[in-house]
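# Residue-level structure breakdown
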Amino acid sequence: MKALIIPVTPFQQNCSVIWDERSKRAAVVDPGGDLDRVLAEVDREGLQLEKILLTHGHLDHAAATAELAKLRHLKIEGPHRDDQFWIDQLPEATQRFGFPPAAAFTPDRWLEQGDQVSVGDQILEVRHCPGHTPGHVIFFHPQQKFAWVGDVIFAGSIGRSDFPRGDHQTLVKSIRENLFPLGDDVRFVPGHGPLSTFGQERQTNPFVADHRFG
Ligand SMILES: [Zn+2]
Ligand SMILES: [Zn+2]
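This section reports on the structure supplied with the text. These numbers were taken from a predicted model, which means no experiment stands behind them.

## What about the environment of Gln-203?
Its location among the elements puts Gln-203 in helix H7 (residues 198-204). Sequence separation of Gln-203 and Phe-105 is 98 residues, and the distance between their C-alpha atoms is 40 Å. If we ignore the near neighbours within four places in the chain, the residues touching Gln-203 are Ala-209 and His-211.

## A word on the pairing of strand E3 (residues 25-29)
Judged by how many residues are buried, E3 sits mostly within the fold: four of five residues are covered. Across four bridges, the pairing between strand E2 (residues 13-19) and E3 is antiparallel. Its bridge partner being in E3, Ile-18 is matched across the sheet by Ala-27. Hairpin connection, E2 to E3: the antiparallel pair is bridged by five residues, and Lys-24 has positive phi, about 65°. Relative to strand E4 (residues 48-53), E3 is paired through five bridges, and the arrangement is parallel. In the strand pairing of E4, Ala-26 is matched with Leu-49. In this view, the connection linking E3 to its parallel neighbour E4 by way of helix H1 (residues 35-44) has right-handed handedness.

## Considering the coordination of the zinc ion (ligand 1)
Around the zinc ion (ligand 1), the protein supplies His-56 (NE2), His-58 (ND1), His-132 (NE2) and Asp-151 (OD) as donor atoms, at distances of 2.2 to 2.3 Å. Seen from the zinc ion (ligand 1), its four donor atoms lie at angles of 91 to 164°, and the figure they make is irregular. Mapped onto the polypeptide sequence, the residues donating to the zinc ion (ligand 1) form the spacing pattern H-x1-H-x73-H-x18-D. A separation of 3.6 Å is found between the zinc ion (ligand 1) and the zinc ion (ligand 2), both of which receive a donor from Asp-151. Taken together, the residues His-56 in the loop between E4 and helix H2 (59-62) and His-132 in the loop between strand E7 (122-128) and strand E8 (137-141) connect sequence positions 76 residues apart. The pair His-56 / His-132 is uniform in exposure class, with both members buried.

## Comments concerning the packing of aromatic side chains
By the definition in use, this model includes seven aromatic pairs. Taking 5.8 Å as the distance between ring centres and 85° as the angle between the ring planes, the aromatic pair formed by Phe-11 and Phe-97 counts as edge-to-face. With Phe-11 in the loop between strand E1 (2-8) and E2 and Phe-97 in the loop between helix H5 (90-96) and strand E6 (116-119), this pair connects stretches of sequence that are 86 residues apart. Given the relative accessible area of 33%, Phe-11 is considered partly exposed. A ring pair is formed by Phe-188 and Phe-198, whose centres lie 5.2 Å apart and whose planes are at 20°; its orientation type is stacked. One end of the pair, Phe-188, is in strand E12 (residues 187-190); the other, Phe-198, is in helix H7, and ten residues separate them in sequence. For the pair formed by Phe-188 and Phe-198, the shared burial category is buried.

## A word on the side chain of Asn-14
Mapped onto the fold, Asn-14 is located in strand E2. Note on Asn-14: relative accessible area 10%, which makes it buried. From its side chain, Asn-14 meets the backbone oxygen of Pro-190 in a polar contact 2.9 Å long. A polar contact is formed between the side chain of Asn-14 and the backbone oxygen of Gly-193, at a distance of 2.9 Å.

Quick notes on the rules
- Residues numbered from 1 in each chain as written.
- Chains lettered and ligands numbered in written order.
- Predicted model: local features only at pLDDT ≥ 70, side-chain atom pairs only at ≥ 80, totals over all residues.
- Heavy atoms only, no water.
- Helix = DSSP H or I, 4+ residues; strand = E, 2+ residues; numbered from the N terminus.
- Contact = heavy atoms within 4.5 Å.
- Buried < 20%, exposed > 50% of the residue type's maximum accessible area, 1.4 Å probe, protein only.
- Pairing = 2+ DSSP bridges.
- Right-handed = clockwise from strand over helix to strand, strands pointing away.
- Donors = N, O, S within 2.8 Å, 3.2 Å for Na, K, Ca; no water.
- Tetrahedral: all angles 85-135°; square planar, octahedral: opposite > 155°, others 65-115°.
- Phe/Tyr/Trp six-rings, centres within 6.5 Å; stacked < 30°, edge-to-face > 60°.
- Polar contact = N/O pair within 3.5 Å; in protein donor to acceptor, adjacent residues only side chain to side chain.

In short, shape yes, function no, at least from these values alone.
Next up, the structure:
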């Protein structure tokens, strides 16, 4: 599996194009905006897009989903259904933050803990990690020990939990009990900023490092 990270929107959200090298079948993870740049990369690599994967319903991650799905006839998979209320707010949220207009949508498939999603012949595992938003999911590729974690955890920080239905304790629990067991050597692409590994964050992250939990 290959991946290309394209920071999009004024929030510099790490949109990823991921693909199966053999079949060239691809997915866009979290198309928040700047579709012209994202699609230029897709076409330059000669990829055949088959779906959109969403970690959660915030505008910087999901605002261009409906447009992209329509443009390229793509299925939308994720997030967990508890984020529908965020997706429903996209039209007004994009207006408020000066994003291009966005339509709300209903994903073709809601995701839950333990589900699998495919990209070509590659399989990603789904973990439900609430706390930043209630329906946040992450995608994990076991063979390459690589994860796309949206706004659950960042290099040196964790997601905000001061949104409606956000909860700090729930977020910390999601990270410590549902992400860290995937392995210290797992590299992750966060929703914003540089990549890191779970092992690095277990040592140094001021919110969720091991030493804070005895
Ligand atoms: Zn978010
Ligand atoms: Zn974000």
